[in-house]
Amino acid sequence: MLIPLILSGGSGTRLWPVSRRNLPKQFLSLSGDGTLFQQTVARTQKLPEVSAPIIVASEDHRFLAADQLLESGVEGASILLEPVARNTAPAIALGALKALERDPDALLLVLPADHLIGDPASFTNAVQQALPAARAGWLVTFGIRPDRPETGFGYIRRAESIDTHAFRVERFVEKPDQPTARSYVEDGGYDWNSGMFLFKAARYLEELGEHAPDMLAAVREAYATGHGDLDFVRVDAEAFAKVPDNSIDYAVMEKTSRAAVIPVSCAWSDIGSWSALWLSGQHDEHGNQREGDTLAVNTRNSLLRSHDRHMIATVGVDDLIVVSTPDATLVVHRDAAQDVKKVVDQLKASG
Ligand code: GDD
Ligand code: MG
């Protein structure tokens, strides 16, 4: 049984002021039809013999997730709720425990809820190519050809092939520093980790037990003492608070000897920042991307989005991002778009 596990617990702070604590980016319509979460769910529905998804989300977003699923017309999904965020390794462990209740041989397709994929057919194809390696016990990642020394991604070095499509991973390096990332891109033998994974639920828990036994024990405890109601599965808040915070990338993928990669060549973006959104979208003849009521005079390579009724007008500027909402306006240089999270940090610090 192939079960999609959709990770929807991120906060998307770099897309402030549109992405907010109560409405983070995965639940927003930023590009294309429906929200990023709904587009992710829709992609899974095209996979052959796929079962209903498991969603892992924050308790705070339970109605957003449930309503958006309903709107997508997807039935039978399980929504697991986290009382606090403990990053992706525990979230995936919760999903794996749930999946095993459905099928002891379950294959888990882990998908971040906040990615844009330009070519859904090649995504479907890649998942099918990954099935044999996953069934054979490999933890399969989907590798994207890097085109810049991005430091926010994991890098995967390919080794020999395992089967027709999959390669063994020689080395997995999560979020290298700038010089290291640059050397990997120049080397040519590295792919970006897309953050999507395919493996047997039982194999993931085995690996977690080997590399992060305390985390696995704490997650099991929180899951076992949790409870379900009509629509949601809630883990025990006190027990889940004791779970160590770590990502699958650091906790498992950097350590396992059973990682494999399927190279994927589709348009892919994790929409990590406003500049990533600008990069992934359509541009007019001046390189601008505009949404809502905007006017661009002598403006190039800029992203202008008005999410309220105010007009944004720019004159004689390049490489700028301007985003306005009813209660906040952001103006940032495209090169500094990663630092938007500092605004959110400062707002948090000042209460
Ligand atoms: N349920 C849940 N709980 N989901 C979470 C949590 C959590 O505590 N933390 C993050 N997520 C979700 C996010 O919403 C996102 O969809 C996904 O898990 C990945 O988390 P990110 O925080 O966005 O990870 P990242 O972008 O820094 O790095 C990962 O993705 C890159 C590609 O976008 C890594 O896998 C990198 O290796 C990879 O290159
Ligand atoms: Mg991300």
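Residues numbered from 1 in each chain as written. Chains lettered and ligands numbered in written order. Predicted model: local features only at pLDDT ≥ 70, side-chain atom pairs only at ≥ 80, totals over all residues. Heavy atoms only, no water.

**Examining the sheet that holds strand β16 (residues 303–306)**
Strand pairs in the sheet, formed through backbone hydrogen bonds, run parallel or antiparallel to each other.
Move 1: Taking strand neighbours across the sheet as the criterion, the four strands line up as β14-β16-β18-β19 in an open arrangement whose pairing is mixed. Each of the sheet's edge strands pairs with one partner strand only, and the pair in question is β14 (289–291) and β19 (328–333). Strand-to-strand twist of the sheet, defined as the mean angle between neighbouring strand axes without regard to direction, takes the value 5°.
Move 2: As judged from the three bridges shared by β14 and β16, these two strands associate in the parallel manner. Opposite E291, over in β16, you have R305 as the bridge partner. (Pairing = 2+ DSSP bridges. Helix = DSSP H or I, 4+ residues; strand = E, 2+ residues; numbered from the N terminus. Axes fitted to C-alpha atoms, helices over the stretch in contact; angles between N-to-C directions.)

**Things to note about the packing of helix α6 (residues 201–211) against helix α7 (residues 213–224)**
Move 1: Viewed as axis vectors pointing N to C, α6 and α7 meet at an angle of 125°, and their least axial separation amounts to 5 Å. By the angle between their directions, the pair α6 and α7 is classed as oblique. Taking contact as the criterion, the partners of L205, L208, G209, E210 and H211 in α6 are, on α7, P213, M215 and L216.
Move 2: When grouped by side-chain class, the residues that make up the contact of α6 with α7 number five nonpolar, two polar and one charged. (Parallel < 35°, antiparallel > 145°, perpendicular 65-115°, else oblique. Contact = heavy atoms within 4.5 Å. Nonpolar A, V, L, I, M, F, W, Y, C, P; charged D, E, K, R; others polar.)

**Considering the environment of A239**
Move 1: Structurally, A239 can be placed in helix α8 (residues 237–241).
Move 2: Accessibility expressed as a relative area gives 8% for A239, which makes it buried.
Move 3: Separated by 13 residues in the primary sequence, A239 and G226 have C-alpha atoms spaced 8.9 Å apart.
Move 4: Non-local contacts of A239, meaning those with residues more than four positions away in its chain, are made with A218, E221, A222 and T225. (Buried < 20%, exposed > 50% of the residue type's maximum accessible area, 1.4 Å probe, protein only.)

**Side note on the domain arrangement of the chain**
Move 1: Here the chain is partitioned into domain 1 (2–269) and domain 2 (274–349).
Move 2: Taking only C-alpha atoms, the centre of domain 1 and the centre of domain 2 are 29 Å apart.
Move 3: Of the residues lining the interface, 15 residues belong to domain 1; the matching set on domain 2 comes to 20 residues.
Move 4: Between domain 1 and domain 2, roughly 1,500 Å² of surface is buried when both sides are summed, and carbon and sulfur atoms account for 65% of that area. (Domains from an automatic or database assignment. Buried area = accessible area lost by both parts, 1.4 Å probe.)

**Digging into the site of ligand 1**
Move 1: Residues in close proximity to ligand 1 total 25 residues, the closest being E82, E174, K175, N193 and D249.
Move 2: Within the backbone of N193, a nitrogen or oxygen atom sits 2.5 Å from an oxygen atom of ligand 1.
Move 3: Here ligand 1 loses 87% of its free accessible area of 740 Å² to cover by the protein chains.
Move 4: For the shell around ligand 1, the secondary structure elements donating two or more residues are α3 (88–102) and β9 (190–200).
Move 5: When residues in the shell around ligand 1 are grouped by element, the largest group, three residues, is from β9.
Move 6: Of the residues in the shell around ligand 1, the class split is eight nonpolar, ten polar and seven charged. (Near = heavy atom within 4 Å. Polar contact = N/O pair within 3.5 Å; in protein donor to acceptor, adjacent residues only side chain to side chain. Areas by Shrake-Rupley, 256 points an atom, 1.4 Å probe, with all protein chains shown as cover.)

**Some words on the pairing of strand β1 (residues 2–7)**
Move 1: The buried fraction of β1 amounts to six of the six residues, a majority that puts the element mostly inside the structure.
Move 2: Crossover handedness for the path β1 to helix α1 (residues 36–45) to strand β2 (residues 54–58): right-handed. (Right-handed = clockwise from strand over helix to strand, strands pointing away.)

**Things to note about the packing of aromatic side chains**
The description of two aromatic rings rests on the distance between their centres and on the angle between their planes.
Move 1: This model, assessed by the stated rule, comprises nine aromatic pairs.
Move 2: Ring centres of F153 and W192 lie 4.8 Å apart, and the angle between their planes is 70°; this geometry places the pair in the edge-to-face category. Of this pair, F153 sits in the loop between β6 (139–144) and β7 (154–161) while W192 is found in strand β9, placing the two residues 39 residues apart along the sequence. Each of the two residues, F153 as well as W192, counts as buried.
Move 3: Relative to Y204, the ring of F199 lies with its centre 5.1 Å away and its plane at 10°, an arrangement referred to as stacked. (Phe/Tyr/Trp six-rings, centres within 6.5 Å; stacked < 30°, edge-to-face > 60°.)

**Topic: a nonpolar patch on the surface**
Move 1: A surface patch of nonpolar side chains, amounting to about 360 Å² of accessible area, comprises L295, V297, M311 and V315.
Move 2: Structurally, M311 can be placed in the loop between β16 and β17 (312–315). (Patch = residues over 30% accessible without salt bridge, like charges linked within 9 Å, V, L, I, M, F, W, Y side chains within 5 Å. Salt bridge = Lys/Arg side-chain N within 4 Å of Asp/Glu carboxyl O.)

**Looking at the environment of A222**
Move 1: Counting through the fold element by element, A222 comes out in helix α7.
Move 2: Taking the relative accessible area as the measure of exposure, A222 reaches 0% and is therefore buried.
Move 3: Remark: the alpha-carbon pair of A222 and F240, spanning 18 residues in sequence, is separated by 5.1 Å.
Move 4: Aside from chain neighbours lying at most four places away, what touches A222 is V235, D236, A239 and F240.

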